[in-house]
Amino acid sequence: MACLLQRTKRSVLQMLKKIVKYTLRTLLVILLAALLIPALLYVPAVQDFIRGKAVGYASEALGMELSVGRIRLAFPLRLTVEETLLVDRADTLVDCGRLSLDVALWPLIRKEVVVRSFELDRIAAHYKDSTGGLEMRLAAGLLSLGETRADLRAQRADIARITLSDGDIFLDLTESAPAEKADSVSTPLPWSFDIRKITIENTAFGMHTSPAVTELTVRLADGEVEACRVRLDIQQVDVKSILLDRGAYSYLTAPADPEKDASPEPAPSGDTAPSLPWTVRAGSVALTDNRAEYGTLGHRPAAGFDPALIALSALDLTIDSVYNRGSDIALNLRRLTFSERSGLAVRDASGRFEMNSTGISLSGFELETPYSRLRANVSAGPGILHTEPATPLSADLSAAVNTKEIAALYPAAVPPALNDRTVRMNLTAAGTLADISRFGLDISSPGHLDFTADGRAQNLLDPETLNASARFEGDFRDLAFLVELLPDSALRRRVTIPDQIRLHGSAGTDRGALSVASTLAVDA
């Protein structure tokens, strides 16, 4: 009996040894296979085989011609794809010279994606949607991302740098059928993106719309955005600085058709939830040596200032503390210089502008041209946009204007006798839009004119009940040059203007009745 138990024990031990041995061998084979199969993906011959199979399957599934010149995968996750071409019925949809992607392996275990580098070289794409009325063409010499870290748990992405060079983007928008009403309101994604720097070089953007024809073009030699944070959850963008160097911007519209009635704007649907406005903040925005054009397509501008074609060159602009949310706007204008096509040049401008729920204000505004200066402090309540009578307002304006700059804008408005003369003006006003409790006006021209007026006005928005009164006083000297303004030479020889004229009096209007009382004194 003891011998039988001993033999049974030995048999069990031998069986256990065999089980352990074959189990270890099986695990080793599985481990080798697990290591070998992924390792095969790094063999160029295997990669070429997989490329051929994958390209064939994708072409059949898409119903298009797809070709890939070369695919290489290096350890651990460095992918390179060269000469990719996607063609649909002789229309090239995508043409990419080279795609390279380097992804870190181990962070994926922690639900974190780390892209060491991503580059698209010599990329071109074309997309057309006839139903949606959209055609898009884009091309770029280089589109690259620096080190990018995306935390899938925290839903946050950090991007070191985005670079776009030799880009060309064009959109053609045509009128399309109304879009179907969405069944539900989309909620913002709870993701945030931090981008340290965005660089744009030698890039162009164009957009054409029809049947309401407009053409927008933007060309930028160099552009840079620093420290940009985008939060999709609260729809907010914060930027440290924006620099646009040697940019050219043009917005042109088709001439207005007087026989065509403007189509009314479609009324918003009552059951459509209003979208929340985005909040945009920028520490500073700078434009250097830019050009801008605004006007009508095909228009030949007249001499002087022509609002149908405004063209600015040598445009330098610096603003800071920029804030925008919906209709709320605030910014500090630090510097503005440009030359307009008419010949008017602005040497400098500065001030602060604000528009929010409390009203609109322009404070500390100063503008300087080669021969003129303007200063303004203006504020109005929020009702100014709807011309509400009780809207409070105040204004303090002063200017020194040389007539030669008016002649540059409107050549026919300034006769030779008035050329190169300076006129100084000061205007103050306070009250409401309907009731100006006080206003003052001073006009002077060195050696020729001193005129002052002050008064008040009620019911400004209703001409039938307008009630206004003013007192005025003027001193006019050496005005003989005004004789040259008379149209007839014989009349000019018969008219003599006294050396000095003094004027003082008052004027008023009450419900359409005008009254004037004045005294005129003349010194020969």
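Residues numbered from 1 in each chain as written. Predicted model: local features only at pLDDT ≥ 70, side-chain atom pairs only at ≥ 80, totals over all residues. Heavy atoms only, no water.

1. Describing helix 2 (residues 44-62)
- Counted at 1.5 Å a residue, the expected span for helix 2 with its 19 residues is 27 Å, and the 26 Å between its end C-alpha atoms agrees.
- When we look at burial in helix 2, the residues that qualify are Gln-47, Val-55, Ala-58 and Ser-59. Down the axis of helix 2, the smallest arc covering the buried residues is 95°, so these residues share one side. Opposite the buried face of helix 2, at more than 90 degrees from it, the exposed residues are Ala-45, Phe-49, Lys-53, Tyr-57, Glu-60 and Ala-61.
- Following helix 2 by one or two positions, Gly-63 adopts a phi angle in the positive range, close to 70°. (Helix = DSSP H or I, 4+ residues; strand = E, 2+ residues; numbered from the N terminus. Expected span 1.5 Å × (residues − 1). Buried < 20%, exposed > 50% of the residue type's maximum accessible area, 1.4 Å probe, protein only. Arc of directions from axis to C-beta.)

2. As for the packing of aromatic side chains
- All chains considered together, the criterion is met by four aromatic pairs.
- Considering the side-chain rings of Trp-191 and Phe-193, the 6.0 Å spacing of their centres and the 25° angle between planes classify their relative orientation as stacked.
- Overall, Phe-193 belongs to the partly exposed group, its relative accessible area being 27%.
- For the ring pair Tyr-251 and Tyr-294, a centre distance of 6.0 Å and an interplane angle of 15° mean the geometry is stacked. With Tyr-251 in strand 12 (residues 236-253) and Tyr-294 in strand 13 (residues 279-296), this residue pair connects regions lying 43 residues apart in the sequence.
- Judged by its relative accessible area of 33%, Tyr-251 falls in the partly exposed class.
- Over the aromatic face of Tyr-371 sits the side chain of Lys-404, whose NZ or CZ is 4.2 Å from the ring centroid.
- One residue, Arg-421, lies across the ring of Phe-481, its end atom 3.8 Å from the ring centre. (Phe/Tyr/Trp six-rings, centres within 6.5 Å; stacked < 30°, edge-to-face > 60°. Lys NZ or Arg CZ within 6 Å of the ring centre and 35° of its normal.)

3. A few points about the pattern of salt bridges
- Summed over the entire model, instances satisfying the criterion amount to 32 salt bridges.
- With a closest N to O distance of 3.8 Å, Glu-366 and Arg-373 form a salt bridge.
- Of the residues examined, Glu-366 reaches a relative accessible area of 37% and is grouped as partly exposed.
- When its relative accessible area of 45% is taken as the criterion, Arg-373 is described as partly exposed.
- Linking Lys-404 and Asp-420 is a salt bridge whose minimum nitrogen-to-oxygen distance equals 3.7 Å. Placement of Lys-404 in helix 3 (residues 403-409) and of Asp-420 in the loop between helix 3 and strand 21 (422-432) is noted, with a sequence separation of 16 residues between them.
- The exposure class assigned to Lys-404 is partly exposed, which follows from its relative accessible area of 28%.
- With relative accessibility at 45%, the residue Asp-420 sits in the partly exposed group.
- In this structure, a network of salt bridges that share partners links the residues Arg-70, Glu-82, Arg-98 and Asp-121. (Salt bridge = Lys/Arg side-chain N within 4 Å of Asp/Glu carboxyl O.)

4. Re the nonpolar core
- Ranked by size, the top nonpolar core spans 22 residues in total, and within it Cys-228, Val-239, Val-285, Leu-317, Ile-319, Leu-333 and Leu-336 carry the most contacts.
- Those elements that provide at least two residues to this core are strand 10 (192-210), strand 11 (214-231), strand 12, strand 13, strand 14 (309-325) and strand 15 (328-340).
- At four residues, strand 14 tops the list of elements feeding residues into this core.
- Apart from the residues within four sequence positions on either side, Leu-336 is in contact with Leu-315, Asp-316, Leu-317, Val-346, Arg-347, Asp-348 and Ala-349.
- Membership of the second largest hydrophobic core comes to eight residues, among which are Leu-449, Ala-453, Phe-472 and Ile-501. (Core = buried A, V, L, I, M, F, W, Y, C linked by side-chain atoms within 4.5 Å. Contact = heavy atoms within 4.5 Å.)

5. Notes on the environment of Leu-171
- Relative to the elements of secondary structure, Leu-171 occurs in strand 9 (residues 168-174).
- For Leu-171, a relative accessible area of 17% gives the class buried.
- Separated by 37 residues in sequence, Leu-171 and His-208 place their C-alpha atoms 6.3 Å apart.
- Ignoring anything within four residues of it in the chain, the contact list for Leu-171 reads Leu-134, Glu-135, Met-136, Phe-205, Gly-206, Met-207 and His-208.

6. What to know about a nonpolar patch on the surface
- A cluster of nonpolar side chains, Leu-105, Trp-106, Leu-108 and Ile-109, forms an exposed patch at the surface whose accessible area comes to about 440 Å².
- With respect to the secondary-structure elements, Leu-105 resides in the loop between strand 3 (91-103) and strand 4 (112-129).
- Judged by its relative accessible area of 34%, Leu-105 falls in the partly exposed class. (Patch = residues over 30% accessible without salt bridge, like charges linked within 9 Å, V, L, I, M, F, W, Y side chains within 5 Å. Areas by Shrake-Rupley, 256 points an atom, 1.4 Å probe, with all protein chains shown as cover.)

What is shown is where atoms sit, not what they do.
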